[in-house]
Amino acid sequence: MSFTAEVKDELARVVPACAACEKATLAALVRIEGTLFVSGPDRYRVEVATDAPAAARLVVRLLHAIYALKTNLTMRRSVLHKTPNYLIEVPAQPHLADALRDMGVLSAEGGLELGIKPELVAKPCCAAAYVRGAFLGSGFISNPKSDFHFEITVETEPLAAGLVELMARKDIAARVMQRRSSYMVYLKSGASILEFLAWTGAHQAALSMEEERVVKSVRNDVNRMINAEMANQAKAAGAAVDQIYAIRAVVEHYGMENLPPALQDFIRLRVTYPEASLKELGQRATPPLSKSAVYHRVRRLESMAREIGAGE
């Protein structure tokens, strides 16, 4: 099961906070996944299609419980994707037009409602329920193991703007992007997606995502530390090679026995421990030397090597 399917399955089982929440959820589902057919004045039928079985069950249950509407449920299988698709048919029947107006599908004037009916989302819990229904309808969320991505696709710009406004009430910053003839409401921030999941009731999904965020953070920290250590080692190795070249030039020019004892000691240490850092060389010296003392010897050798090069 995909992470999107897991989230939808969890959201479909959220217990409503008030009696009006289920109507808000149903209204969003019908608005986004429904197709309206008109066969005469105030005579309609509706088809709602979804690939989420939990959403299909929820639509059927709420249409029966809230509006006592008759429905027919058909499961179809996609030839291309080999996945089931559920079609809920709501045939023409008395009170269907009233139900569509109540859900904000039809406006009071009889045309299609483009935005979100204010009465459906007046309470904070109902606003969360409406957005929950919108995600159940056409939401997508990427697996948290990969990059964070979240979107809800709708057909009209006013509906997209309405969803953005509802999320803004919870300080969730969503954006809208047009995609051909539809509009995508999307979140890119992992923190915003987490906030959305918690707000709409997908607490298990939020926990799973937070665990992955922690794992990613730790992995990134470890990678940064490894990269920094490798860079430091490469830098130290390069410095050690430069010191070996300087030692060779100085010893060949002056002779080991003619060098000061301090430089002779450093040369023996560096040749014996070519990969050691200056701090480690200082610790191996007898008596031990500070890093600055060792560095002073290095600078003296490099200066002598430059003088030899200049003289030649």
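Owing to the predicted nature of the structure, the values given are computational and were not obtained by experimental measurement. Numbering of residues begins from 1 in every chain and follows the order in which that chain's sequence is written. Where totals are concerned, whole chains, interfaces and linings use all residues; where local detail is concerned, this predicted model gives features only for residues with pLDDT of at least 70, and gives and counts side-chain atom pairs only at 80 or more. The basis for every side-chain value is the complete set of non-hydrogen atoms in the structure, without hydrogens or water.

Here's the deal with the UniProt feature "domain: Sporulation regulator WhiA C-terminal" (unreviewed entry) in the protein chain
- UniProt positions are given in the numbering used here, feature names are shortened, and annotations may be inferred rather than shown by experiment. Mapped onto the present numbering, the UniProt feature "domain: Sporulation regulator WhiA C-terminal" (unreviewed entry) falls at residues 222–305.
- Put simply, DSSP H or I for four residues or longer makes a helix, DSSP E for two residues or longer makes a strand, and each gets a number counted from the N terminus. With 80% helix and 0% strand, residues 222–305 has its two end C-alpha atoms placed 40 Å apart.

What to know about unusual backbone geometry
- The omega torsion of the bond from Thr 286 to Pro 287 falls at -5°, within 30 degrees of zero and hence cis.
- Residue placement: Pro 287 occurs in the loop between helix H10 (278–284) and helix H11 (291–311).
- Residues other than glycine seldom take positive phi values, yet His 95 does so here, at roughly 75°.
- Along the chain, His 95 falls in the loop between strand E4 (84–90) and helix H4 (96–102).
- Exposure classes here rest on a 1.4 Å probe applied to the protein chains alone. A residue is buried below 20% of its type maximum, exposed above 50%, and partly exposed in between. When its relative accessible area of 58% is taken as the criterion, His 95 is described as exposed.

Topic: the nonpolar core
- As used here, the term nonpolar core means buried Ala, Val, Leu, Ile, Met, Phe, Trp, Tyr and Cys residues forming a set that is joined through side-chain atoms within 4.5 Å. Counting residues in each nonpolar core, the largest one holds 73 residues, and the members touching the most others are Tyr 130, Ile 152, Met 167, Phe 196 and Leu 197.
- Any two residues whose heavy atoms approach within 4.5 Å are treated as being in contact. In this structure, Phe 196 is in contact with Val 131, Phe 135, Phe 150, Ile 152, Met 167, Ile 172 and Leu 187, ignoring residues within four places of it in sequence.
- Counting residues in each nonpolar core, the second largest holds 18 residues, with Leu 259, Leu 263, Val 298 and Ile 308 among its members.

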